[in-house]
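Summary of the model geometry
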Amino acid sequence: MPRWAEHAALPAHHRGRGLLDTAIVLILISLFLLVASQRLLPLRGDAEAAHIQTTIGQLRAVLGLTAAEMIIRDGMVSLNTLTSSNPIALLEELPRNYRGEISVEQITQIPPGSWY
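Definitions and limits used
- Residues numbered from 1 in each chain as written.
- Predicted model: local features only at pLDDT ≥ 70, side-chain atom pairs only at ≥ 80, totals over all residues.
- Heavy atoms only, no water.
- Helix = DSSP H or I, 4+ residues; strand = E, 2+ residues; numbered from the N terminus.
- Contact = heavy atoms within 4.5 Å.
- Areas by Shrake-Rupley, 256 points an atom, 1.4 Å probe, with all protein chains shown as cover.
- Core = buried A, V, L, I, M, F, W, Y, C linked by side-chain atoms within 4.5 Å.
- Buried < 20%, exposed > 50% of the residue type's maximum accessible area, 1.4 Å probe, protein only.
- Salt bridge = Lys/Arg side-chain N within 4 Å of Asp/Glu carboxyl O.
- pLDDT = per-residue confidence, 0-100.
- Polar contact = N/O pair within 3.5 Å; in protein donor to acceptor, adjacent residues only side chain to side chain.

As for the overall build of the protein
When you go through the protein residue by residue, the secondary structure sums to four helices and zero strands. Its helices and strands taken in sequence order, the protein reads α-α-α-α from the N to the C terminus. Intrachain contacts of the protein at a sequence separation of at least 6 include 32% that bridge at least 24 residues. Roughly 9,800 Å² of accessible area belongs to the protein as shown, and the carbon and sulfur atoms make up 64% of that amount.

Rendered as structure tokens:
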């Protein structure tokens, strides 16, 4: 007997079982995703806070090294140039959401969570 005929020969109570199993699996997967998303969303904020702290630490380190280099090379007089410079420009890699230097009028146009 061919395979398609074997399926047709199944009793009536076995024919709809595949659809029921699929529905149960989809419901279970949906519940799993819902629970997982509720637990993982707060971790996103923690990761962003850690990234901010890392960037601030890098800024402090590079400013300290740059200041030490300027003092060794030119003395204390050259430190005044640091007060008017952009410290982000000293970083090797800019933050991914860095928008650059902006004016006061442009602050309202910057999306939340951006460095400027």
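A closer look at the nonpolar core
Among the nonpolar cores identified, the biggest contains six residues, and these are Leu-59, Val-62, Ile-88, Leu-91, Tyr-98 and Trp-115. In this structure Leu-59 touches Pro-87, Ile-88 and Leu-91, once residues within four positions along its chain are discounted.

Some remarks on the pattern of salt bridges
Summed over the entire model, instances satisfying the criterion amount to two salt bridges. Among the ionic pairs, Arg-73 bridges to Glu-69, the shortest N-O distance being 3.3 Å. With a gap of four residues between them, Arg-73 and Glu-69 both fall in helix H3 (residues 17-74), about one helical turn apart. Relative accessible area serves as the criterion here: at 51%, Arg-73 is assigned to the exposed category. A relative accessible area of 47% places Glu-69 in the partly exposed class. Asp-74 is paired through a salt bridge with Arg-73; the nearest N and O atoms lie 3.4 Å apart. Taking the relative accessible area as the measure of exposure, Asp-74 reaches 47% and is therefore partly exposed. One connected set of salt bridges, linked through shared partners, spans Glu-69, Arg-73 and Asp-74.

A short note on the environment of Gln-58
Inspection of the secondary structure puts Gln-58 in helix H3. Gln-58 gets classed as partly exposed once you look at its relative accessible area, which sits at 40%. Counting along the chain gives 34 residues from Gln-58 to Glu-92, while the straight-line C-alpha distance between them is 9.5 Å.

Some words on the environment of Thr-55
Here Thr-55 shows up in helix H3. By relative accessible area, Thr-55 is classed as buried at 5%.

As for the confidence of the model for the protein
Do not read the fine detail of predicted coordinates wherever pLDDT is low. Here the protein averages 82 in pLDDT, while 85% of its residues score no lower than 70. Helix H2 (residues 12-15) is the least confidently modelled element of the protein, averaging 57 in pLDDT, while H3 averages 88, the highest of any element.

Structural notes on the side chain of Asn-86
Structurally, Asn-86 is set in the segment after helix H4 (80-83). Residue class for Asn-86 comes out buried when judged on its relative accessible area of 19%. Separated by 3.3 Å, the side chains of Asn-86 and Glu-101 make a polar contact. Contacts of Asn-86, omitting those with residues within four sequence positions, involve Tyr-98 and Glu-101.

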